[in-house]
Structure formats: structure tokens, C-alpha cells
Amino acid sequence: MFSKTLHISTSPHIRQGMSTDMIMRNVVYAMMPLVVFSVVSFGLNALLVIITAVASSVLTEHALCRWSGKSSTVSDWSAVITGILLGLTLPPIFPLWMTFLGGVVSIAIGKFVFGGLGSNAFNPALVGRAFLQAAFPVAITTWHPSFLEGRFYSISKSVAAFPFSTPVVDGISGATPLSAFKFDKVTADTADLAFGFISGSTGETSAVLIILGGIYLAVRKMMNWRIPVAILTSVFVLSWILHIIDNQVYPSPEFMLFSGGLMLGAVFMATDMVGSPITPRGVVVYGAFIGLVVVVIRIWGGLPEGVMYAILLGNALTPHIDNLIRPRVYGTKKTKS
């Protein structure tokens, strides 16, 4: 009587048609201007660090998939994103052998042990960087000035250091704006911070390019814009209050927003769909928490930067936020406690 088969499935029944690899590719596109600017700023050193981080992440994912008897998942572009983000968070003269090790840890520990894409509790790139921060604290806090002459045809001895040897920093080294403020109470020009004419990690310098990349993803509905807005608003409000209390001790909110890795973390890392809450109110709480931790570490902590730790703590808090902040089911009333 009926010639058609009835298919029964769970919601959602209307799909937008965006696949995982499509979203991941667009994230890569959004980061490409930032990668290009990092190479323009720091030259061959930054290019080699980013390429090594990507190669390490992709090779590790492919090898682990084969080792576990699964089909390789490198085609979904998630490992490429992890590698790019890891490379962008590292100093431009970071040794390549350490960079490669960081990519291995990012995929193997930050992603694979949790079950792969969609199951990782923490942002994999930040897991790798946290490992490098603990294992090589001197190398990961050794900075290099931007826009030096000869950056396109010379490679630092530190970058080319032999595996398991102590890196030798040749030429000039410099402090980041956050380090300069933390230890010398010296701030940088807001325009220089916004456009990236400063020292820092390979991809944290140009706040403008990071924001443009975030806008691109938000417009395409491939990123929850509420997360970076909540983080940046939290940082701005808290630092503004402190700056009013004592502007000689606490930096301006503009300095706090545009310095360090805040923009990079807020736009491309805290928005990880797996490690962030799923409800509108939950992402606001999540973002506000990350912003609070960033300010606390920067102002009162022993380190000049706290974005990495703030996002990792936010990732750990995400399941509890989702559990506590649940939307009311349509047609039901809120129960009284």
C-alpha cells in the first residue's frame, strides 16, 4: 500500500548543511591573515614555527588513527587548526624541536585520549602550550622584537637548536608589553597594540586582524559571538574599575584588551564548540569567568599573562555550567526549590 519507507530520527530535523570540515576550513581561512602578518612581522622564524606546529599536529593525528585501527581524520582540518593555534601562541624564536613536541602533546594528550574531535574536554592547542610552559619555561618566555632587518633571510640559532640542547638566543631579545608593565610599570601605545607593532607571540600581536577573523566567523554563524563579547566585556569592566581606583598601579582597560593573547584566546580558543557551554546564559557565565581569571592573574599573579590558564579553567567548568544553567522546557513551569 505504501511504497515509501518512514524514517524516524531525533531532532534536529532541519539542518543548515554545514559539515565539520567546512567549519574547520573557514576557521583556517579566518586565521590566514593573522598567519601572514606574523610572517611579515617576524620573518622566517615565525613561518618555520607555525609550519612545524601544523606538521607535528597533522602527523600525530594520522599516526594515532592508524595505530588505533581507525581511518585517518586529518581531512576534517581540526588538526591543522590545532597546529596553527599552537604556533601562533609560541614565541617567534621558539626551538623547532620543542614546537614539534608541543604538537604531539596537543593531539595525543589534548585530543586523542579523550576520544578525538568532539570529545576533548580542553582546547588541544592550549594543552600543548601548557605542557611547553611547564617543560621549557625559559624558552617560552624568550621574546624577539618584530620588524627586524634581515628577518626574511636569516634564521635564529634558537629556532634551529639541536634537539634536547639548550637554545642560544642570538641578536636582540625584548620584552612583551605585558611583561614591561608587570615588572616595570611601562605601557605601550594603544594603536601599536591594536595593529601589532609590538613584540609577543607569533599570532597575538595584531588585535585588529583577530577581530576581523572573529567577525567573519560570527557572520557565517560558525562561532558563538557571545563568548568573546562576554570575555572582553568582563576584562574591560574589571580593569576599568581598577584603573579608576588607582591609575598609577593598574593599567587602562584599553591596554588590558589589546595586549597579550587575550584577543587570540577569546576569539579562536575560548569559542571551541566542544569546550564551551551550549546555552546563551551559560556562555555569558563562561566568558565572564575567563575574563575574571585573566585580570586576576595579570594584576596579582606571578605571571604577566593568564589567558591560557583562564581558558583551560573555563573548559573544566563548562560541564558544570551546562548542568546548572539549563533552559526551561517549552510548556513547563520553573520548579520551586
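Residues numbered from 1 in each chain as written. Predicted model: local features only at pLDDT ≥ 70, side-chain atom pairs only at ≥ 80, totals over all residues. Heavy atoms only, no water.

Trainee: What am I meant to see in the overall build of the protein chain here?
Mentor: When helices and strands are tallied, the protein chain shows 13 helices and zero strands. Order of helices (α) and strands (β) in the protein chain, N terminus to C terminus: α-α-α-α-α-α-α-α-α-α-α-α-α. Each of the 337 residues in the protein chain was classed as buried or not, and the buried ones make up 49%. Of the contacts made within the protein chain by residues no fewer than 6 positions apart, 77% connect residues no fewer than 24 positions apart. Of the roughly 17,100 Å² that the protein chain leaves accessible, carbon and sulfur atoms contribute 67%. (Helix = DSSP H or I, 4+ residues; strand = E, 2+ residues; numbered from the N terminus. Buried < 20%, exposed > 50% of the residue type's maximum accessible area, 1.4 Å probe, protein only. Contact = heavy atoms within 4.5 Å. Areas by Shrake-Rupley, 256 points an atom, 1.4 Å probe, with all protein chains shown as cover.)

Trainee: Hey, could you run me through the pattern of salt bridges in this one?
Mentor: Where charged atoms of side chains with opposite charge meet at close range, the side chains can pair. A full pass over the atoms with the stated rule returns three salt bridges. The closest approach of N and O atoms between E61 and K111, which form a salt bridge, is 2.7 Å. Within this pair, whereas E61 is found in helix α2 (residues 44-67), its partner K111 is found in the loop between α4 (96-108) and α5 (124-135), the two being separated by 50 residues in sequence. Accessibility assignment for this pair places E61 and K111 in one class, buried. (Salt bridge = Lys/Arg side-chain N within 4 Å of Asp/Glu carboxyl O.)

Trainee: Looking at this model, I keep getting lost on the packing of aromatic side chains. Mind explaining?
Mentor: Any two aromatic rings considered together are summarised by their centre-to-centre distance and by the angle between their planes. Here the structure, examined in full by the defined rule, presents seven aromatic pairs. Considering the side-chain rings of F37 and F147, the 6.2 Å spacing of their centres and the 70° angle between planes classify their relative orientation as edge-to-face. Linking F37 in helix α1 (residues 20-42) with F147 in the loop between α5 and α6 (177-184), this pair joins segments that are 110 residues apart in sequence. On the accessibility criterion, F37 (15% relative accessible area) is buried. (Phe/Tyr/Trp six-rings, centres within 6.5 Å; stacked < 30°, edge-to-face > 60°.)

Trainee: Whenever I open this one, the environment of S199 confuses me. Can you help?
Mentor: If you trace the backbone, S199 turns up in the loop between α7 (190-195) and α8 (207-219). A C-alpha to C-alpha distance of 7.3 Å links S199 and P177, two positions 22 residues apart in sequence. Contact partners of S199, with chain neighbours within four places excluded, come to H144, P145, S146, A175, T176, P177 and T205.

Trainee: I'm lost on α8 in this one. Help?
Mentor: Residues three or four positions apart in an α-helix share a direction because the helix packs 3.6 residues into each turn. For α8, built from 13 residues, the straight-helix expectation of 18 Å at 1.5 Å per residue is met to within 8% by its first-to-last C-alpha distance of 18 Å. Within α8, burial applies to A207, I210, G213, G214 and L217. Down the axis of α8, the sector holding all buried residues measures 125°, keeping them to one side. The inward-facing, buried residues of α8 contact α1, α7, α10 (253-258) and α11 (262-269). Just past α8, the residue K221 takes up positive phi, approximately 60°. (Expected span 1.5 Å × (residues − 1). Arc of directions from axis to C-beta.)

Trainee: Explain the confidence of the model for the protein chain here, please?
Mentor: Predicted coordinates in areas of low pLDDT are best not read in detail. Per-chain confidence: the protein chain averages 88 in pLDDT, with 90% of residues scoring 70 or above. α6 is the least confidently modelled element of the protein chain, averaging 81 in pLDDT, while helix α9 (residues 226-245) averages 97, the highest of any element. (pLDDT = per-residue confidence, 0-100.)

Trainee: How should I be thinking about the side chain of T318 in this particular structure?
Mentor: Position of T318 among the secondary structure elements: in helix α13 (residues 307-324). Residues contacting T318, with those up to four places away along its chain left out, are G275, S276, P277 and Y286.

Trainee: Is there a simple way to explain α5 in this structure?
Mentor: Relative to the 16 Å expected for 12 residues at 1.5 Å per residue, α5 spans 17 Å between its end C-alpha atoms, a close match to the ideal helical length. P124, A125, L126, V127, G128, R129, L132 and Q133 are the residues of α5 that are buried. Buried residues along α5 sit in contact with α3 (78-88), α4, α11 and α13. For α5, the N-terminal cap is N123; the gap from its side-chain oxygen to the backbone nitrogen of A125 is 3.1 Å. (Polar contact = N/O pair within 3.5 Å; in protein donor to acceptor, adjacent residues only side chain to side chain.)

Trainee: Would you mind going over the packing of α3 against α4 with me for this structure?
Mentor: A pair of packed helices can be characterised by two numbers: the angle between their axes and the separation between those axes. Contact geometry of α3 with α4 gives a least axis separation of 10 Å together with a crossing angle of 135°. Considering their axes alone, α3 and α4 lie oblique with respect to each other. You can see that α3 and α4 cross each other, and the crossing is right-handed. Along its contact with α3, which presents A79, T82 and L86, the element α4 presents T99, G102, G103, S106 and I107. Split into classes, the residues belonging to the contact of α3 with α4 amount to three nonpolar, five polar and no charged. (Axes fitted to C-alpha atoms, helices over the stretch in contact; angles between N-to-C directions. Parallel < 35°, antiparallel > 145°, perpendicular 65-115°, else oblique. Left-handed = near helix turned anticlockwise from the far one by under 90°. Nonpolar A, V, L, I, M, F, W, Y, C, P; charged D, E, K, R; others polar.)

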